[in-house]
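Breakdown of the fold
Below, each chain spelled out in residue letters.
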Amino acid sequence: MATVTPTPTRIPPVDIETYVPLSITVVRRSSGWPGLFMQERRGGSGGVNYASGIRQHILYFFLKPLRQEVITPSGVRPVAYAAGESRFTPAGIPVAFRWSGEVHLLMVGFEPWFFERVAAELGVPAGLPVATNNTALGPRHPVAALVRALGAELEDVAGSTLAAEGLGRAIAVRLLREFRQLPPHRPSDAAP
(Lines give C-alpha, C1' and ligand atoms only; values in the text may rest on other atoms or scores of the structure.)
Protein backbone atom coordinates (compact mmCIF):
# COMPACT_ATOMS: atom_id res chain seq x y z
CA MET A 1 0.00 0.00 0.00
CA ALA A 2 2.75 2.48 -0.97
CA THR A 3 0.63 4.72 -3.17
CA VAL A 4 -3.01 5.28 -3.88
CA THR A 5 -4.16 5.34 -7.45
CA PRO A 6 -7.69 5.57 -8.76
CA THR A 7 -8.84 2.20 -10.05
CA PRO A 8 -9.34 1.85 -13.81
CA THR A 9 -12.80 0.36 -13.37
CA ARG A 10 -14.92 2.81 -11.48
CA ILE A 11 -15.95 1.45 -8.13
CA PRO A 12 -18.17 3.68 -6.00
CA PRO A 13 -16.69 5.69 -3.15
CA VAL A 14 -16.91 3.99 0.24
CA ASP A 15 -19.81 4.91 2.54
CA ILE A 16 -17.98 5.58 5.82
CA GLU A 17 -21.18 5.60 7.86
CA THR A 18 -21.65 1.89 7.18
CA TYR A 19 -18.07 0.71 6.45
CA VAL A 20 -15.98 -0.17 9.49
CA PRO A 21 -12.43 -1.62 9.10
CA LEU A 22 -11.86 -5.04 10.68
CA SER A 23 -9.62 -3.67 13.44
CA ILE A 24 -12.21 -1.06 14.54
CA THR A 25 -15.45 -1.23 16.54
CA VAL A 26 -18.18 1.40 16.55
CA VAL A 27 -18.95 2.14 20.19
CA ARG A 28 -21.67 4.77 19.71
CA ARG A 29 -23.38 6.28 16.68
CA SER A 30 -25.86 9.02 15.94
CA SER A 31 -29.24 8.37 14.44
CA GLY A 32 -31.74 10.61 12.71
CA TRP A 33 -29.39 13.50 11.95
CA PRO A 34 -30.24 14.50 8.35
CA GLY A 35 -27.12 15.19 6.31
CA LEU A 36 -24.55 14.27 8.94
CA PHE A 37 -23.57 11.56 11.36
CA MET A 38 -21.18 10.98 14.22
CA GLN A 39 -19.57 7.77 15.41
CA GLU A 40 -17.26 6.99 18.29
CA ARG A 41 -14.80 4.33 17.16
CA ARG A 42 -12.20 2.26 19.04
CA GLY A 43 -9.76 -0.36 17.90
CA GLY A 44 -6.21 -1.42 17.22
CA SER A 45 -3.58 -1.17 14.50
CA GLY A 46 -4.75 -1.52 10.91
CA GLY A 47 -5.21 0.13 7.57
CA VAL A 48 -7.70 0.96 4.84
CA ASN A 49 -7.44 1.87 1.16
CA TYR A 50 -10.19 4.00 -0.35
CA ALA A 51 -9.04 3.82 -4.00
CA SER A 52 -12.16 5.65 -5.20
CA GLY A 53 -12.33 7.95 -2.19
CA ILE A 54 -15.04 8.13 0.39
CA ARG A 55 -18.62 9.24 -0.18
CA GLN A 56 -18.87 11.67 2.73
CA HIS A 57 -16.59 14.45 3.97
CA ILE A 58 -15.12 13.14 7.24
CA LEU A 59 -13.69 14.99 10.21
CA TYR A 60 -11.62 12.74 12.50
CA PHE A 61 -11.30 13.96 16.10
CA PHE A 62 -8.64 12.00 18.01
CA LEU A 63 -9.54 11.24 21.62
CA LYS A 64 -6.19 9.42 22.08
CA PRO A 65 -2.85 10.06 20.39
CA LEU A 66 -2.35 8.12 17.16
CA ARG A 67 0.49 7.53 14.69
CA GLN A 68 -0.67 7.19 11.12
CA GLU A 69 0.44 7.27 7.50
CA VAL A 70 -1.80 9.23 5.14
CA ILE A 71 -1.36 7.98 1.57
CA THR A 72 -2.66 10.10 -1.32
CA PRO A 73 -1.82 10.22 -5.03
CA SER A 74 0.88 12.78 -4.14
CA GLY A 75 2.69 10.42 -1.74
CA VAL A 76 2.95 8.97 1.76
CA ARG A 77 3.06 11.23 4.78
CA PRO A 78 3.62 9.99 8.34
CA VAL A 79 1.59 11.94 10.89
CA ALA A 80 1.29 11.79 14.67
CA TYR A 81 -1.90 13.17 16.19
CA ALA A 82 -2.19 14.29 19.80
CA ALA A 83 -5.37 13.85 21.80
CA GLY A 84 -7.78 16.65 20.86
CA GLU A 85 -6.40 17.17 17.35
CA SER A 86 -8.51 16.75 14.20
CA ARG A 87 -8.01 15.95 10.53
CA PHE A 88 -10.44 16.41 7.66
CA THR A 89 -10.77 14.12 4.63
CA PRO A 90 -12.76 15.53 1.71
CA ALA A 91 -15.15 13.25 -0.18
CA GLY A 92 -14.15 11.68 -3.47
CA ILE A 93 -10.36 11.89 -3.14
CA PRO A 94 -8.42 8.59 -3.31
CA VAL A 95 -6.75 8.06 0.06
CA ALA A 96 -5.39 5.26 2.24
CA PHE A 97 -4.44 5.14 5.90
CA ARG A 98 -2.21 2.89 7.99
CA TRP A 99 -2.13 3.34 11.74
CA SER A 100 -0.47 1.72 14.70
CA GLY A 101 -1.53 1.51 18.29
CA GLU A 102 -4.80 2.00 20.07
CA VAL A 103 -7.45 4.00 18.20
CA HIS A 104 -10.10 6.08 19.96
CA LEU A 105 -11.76 8.82 17.94
CA LEU A 106 -14.94 10.60 17.00
CA MET A 107 -15.86 10.80 13.32
CA VAL A 108 -18.17 13.49 11.99
CA GLY A 109 -19.47 12.67 8.52
CA PHE A 110 -21.06 15.24 6.23
CA GLU A 111 -23.18 14.11 3.31
CA PRO A 112 -21.97 16.01 0.23
CA TRP A 113 -25.28 17.89 -0.09
CA PHE A 114 -25.06 19.14 3.52
CA PHE A 115 -21.50 20.43 3.08
CA GLU A 116 -22.30 21.90 -0.36
CA ARG A 117 -25.31 23.76 1.03
CA VAL A 118 -23.15 25.41 3.72
CA ALA A 119 -20.47 26.26 1.14
CA ALA A 120 -23.08 27.78 -1.18
CA GLU A 121 -24.41 29.96 1.64
CA LEU A 122 -20.83 31.20 2.15
CA GLY A 123 -20.35 31.75 -1.59
CA VAL A 124 -17.49 29.27 -2.06
CA PRO A 125 -17.12 25.92 -3.84
CA ALA A 126 -17.36 22.87 -1.58
CA GLY A 127 -14.43 21.03 -3.21
CA LEU A 128 -11.25 20.89 -1.15
CA PRO A 129 -7.67 20.05 -2.19
CA VAL A 130 -5.98 16.67 -1.60
CA ALA A 131 -3.52 18.43 0.76
CA THR A 132 -6.41 18.90 3.22
CA ASN A 133 -5.76 15.28 4.29
CA ASN A 134 -2.35 16.28 5.66
CA THR A 135 -3.47 19.22 7.78
CA ALA A 136 -3.88 18.73 11.52
CA LEU A 137 -6.18 21.07 13.41
CA GLY A 138 -4.91 21.62 16.95
CA PRO A 139 -6.81 20.92 20.16
CA ARG A 140 -7.48 24.67 20.60
CA HIS A 141 -8.93 25.06 17.11
CA PRO A 142 -12.62 26.13 17.29
CA VAL A 143 -13.60 22.85 15.60
CA ALA A 144 -12.45 20.89 18.68
CA ALA A 145 -14.99 22.55 20.99
CA LEU A 146 -17.76 22.12 18.42
CA VAL A 147 -16.98 18.39 17.98
CA ARG A 148 -17.04 17.88 21.75
CA ALA A 149 -20.44 19.59 21.92
CA LEU A 150 -21.70 17.44 19.05
CA GLY A 151 -20.42 14.35 20.88
CA ALA A 152 -22.67 15.21 23.82
CA GLU A 153 -25.64 14.99 21.42
CA LEU A 154 -24.90 11.26 20.88
CA GLU A 155 -26.80 10.66 24.12
CA ASP A 156 -29.98 11.41 22.10
CA VAL A 157 -31.32 13.99 24.54
CA ALA A 158 -34.34 16.14 23.71
CA GLY A 159 -33.56 18.42 20.77
CA SER A 160 -30.41 16.50 19.74
CA THR A 161 -31.37 16.45 16.05
CA LEU A 162 -31.82 20.22 15.96
CA ALA A 163 -28.63 20.83 17.98
CA ALA A 164 -26.69 18.40 15.77
CA GLU A 165 -27.73 20.28 12.62
CA GLY A 166 -26.63 23.61 14.09
CA LEU A 167 -23.33 22.23 15.38
CA GLY A 168 -22.74 20.40 12.08
CA ARG A 169 -23.28 23.63 10.14
CA ALA A 170 -20.92 25.49 12.50
CA ILE A 171 -18.23 22.80 12.03
CA ALA A 172 -18.64 22.97 8.23
CA VAL A 173 -18.26 26.78 8.32
CA ARG A 174 -15.07 26.51 10.40
CA LEU A 175 -13.65 23.87 8.04
CA LEU A 176 -14.42 25.98 5.00
CA ARG A 177 -12.80 28.99 6.69
CA GLU A 178 -9.73 26.86 7.34
CA PHE A 179 -9.36 25.32 3.88
CA ARG A 180 -11.03 27.81 1.50
CA GLN A 181 -10.49 31.49 0.86
CA LEU A 182 -13.82 32.94 1.95
CA PRO A 183 -15.01 36.23 0.45
CA PRO A 184 -14.86 39.17 2.87
CA HIS A 185 -17.99 39.83 4.89
CA ARG A 186 -19.98 42.75 3.55
CA PRO A 187 -22.28 44.33 6.12
CA SER A 188 -25.77 44.95 4.84
CA ASP A 189 -26.82 48.51 4.11
CA ALA A 190 -28.56 50.26 6.95
CA ALA A 191 -32.30 50.76 6.59
CA PRO A 192 -33.28 54.31 5.58
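That block above? That's the structure.
These notes cover the structure that comes with them. Quantities reported herein were computed from a predicted structural model and do not represent experimental measurements.

Points about the overall build of the chain
Broken down by element type, the chain carries three helices and ten strands. The N-to-C order of helical and strand elements in the chain reads β-β-β-β-β-β-β-β-β-α-β-α-α. Within the span of the chain, comprising 192 residues, buried residues form 44% of the whole. Summarising the internal contacts of the chain: among those between residues at least 6 apart in sequence, 77% fall at separations of at least 24.

A word on helix α3 (residues 160-179)
The terminal C-alpha atoms of α3 lie 28 Å apart, and with 20 residues this matches the ideal 28 Å at 1.5 Å per residue to within 8%. When α3 is considered as a whole, its buried residues turn out to be Ser-160, Ala-164, Leu-167, Gly-168, Ile-171, Ala-172, Leu-175, Leu-176 and Phe-179.

Overview of the environment of Ala-149
If you trace the backbone, Ala-149 turns up in helix α2 (residues 142-152). Sequence separation between Ala-149 and Ala-163 is 14 residues; the distance between their C-alpha atoms is 9.2 Å.

Some details on the pairing of strand β6 (residues 75-81)
Here seven bridges tie strand β5 (residues 66-72) to β6, and the two strands are oriented antiparallel to one another. Along β6, the bridge assignment pairs Gln-68 with Val-79. Counting the residues between successive antiparallel strands, the hairpin from β5 to β6 contains two residues.

Quick notes on the side chain of Ser-160
Checked against the element boundaries, Ser-160 lands in helix α3. Setting aside its immediate chain neighbours within four residues, Ser-160 contacts Trp-33 and Glu-153.

A look at the packing of α2 against α3
Close contact between α2 and α3 brings their axes to 10 Å; oriented N to C, the two are set at 160°. Here α2 is positioned roughly antiparallel relative to α3, judged by the angle of their axes. α3 is crossed by α2, and the crossing has left-handed handedness. Counting all contacts with α2, which are made through Pro-142, Val-143, Leu-146, Val-147, Ala-149 and Leu-150, the residues of α3 involved are Ala-164, Leu-167, Ala-170, Ile-171, Arg-174 and Leu-175. Residue classes in the contact of α2 with α3 are distributed as eleven nonpolar, no polar and one charged.

What counts and how
Residues numbered from 1 in each chain as written. Predicted model: local features only at pLDDT ≥ 70, side-chain atom pairs only at ≥ 80, totals over all residues. Heavy atoms only, no water. Helix = DSSP H or I, 4+ residues; strand = E, 2+ residues; numbered from the N terminus. Buried < 20%, exposed > 50% of the residue type's maximum accessible area, 1.4 Å probe, protein only. Contact = heavy atoms within 4.5 Å. Expected span 1.5 Å × (residues − 1). Pairing = 2+ DSSP bridges. Axes fitted to C-alpha atoms, helices over the stretch in contact; angles between N-to-C directions. Parallel < 35°, antiparallel > 145°, perpendicular 65-115°, else oblique. Left-handed = near helix turned anticlockwise from the far one by under 90°. Nonpolar A, V, L, I, M, F, W, Y, C, P; charged D, E, K, R; others polar.

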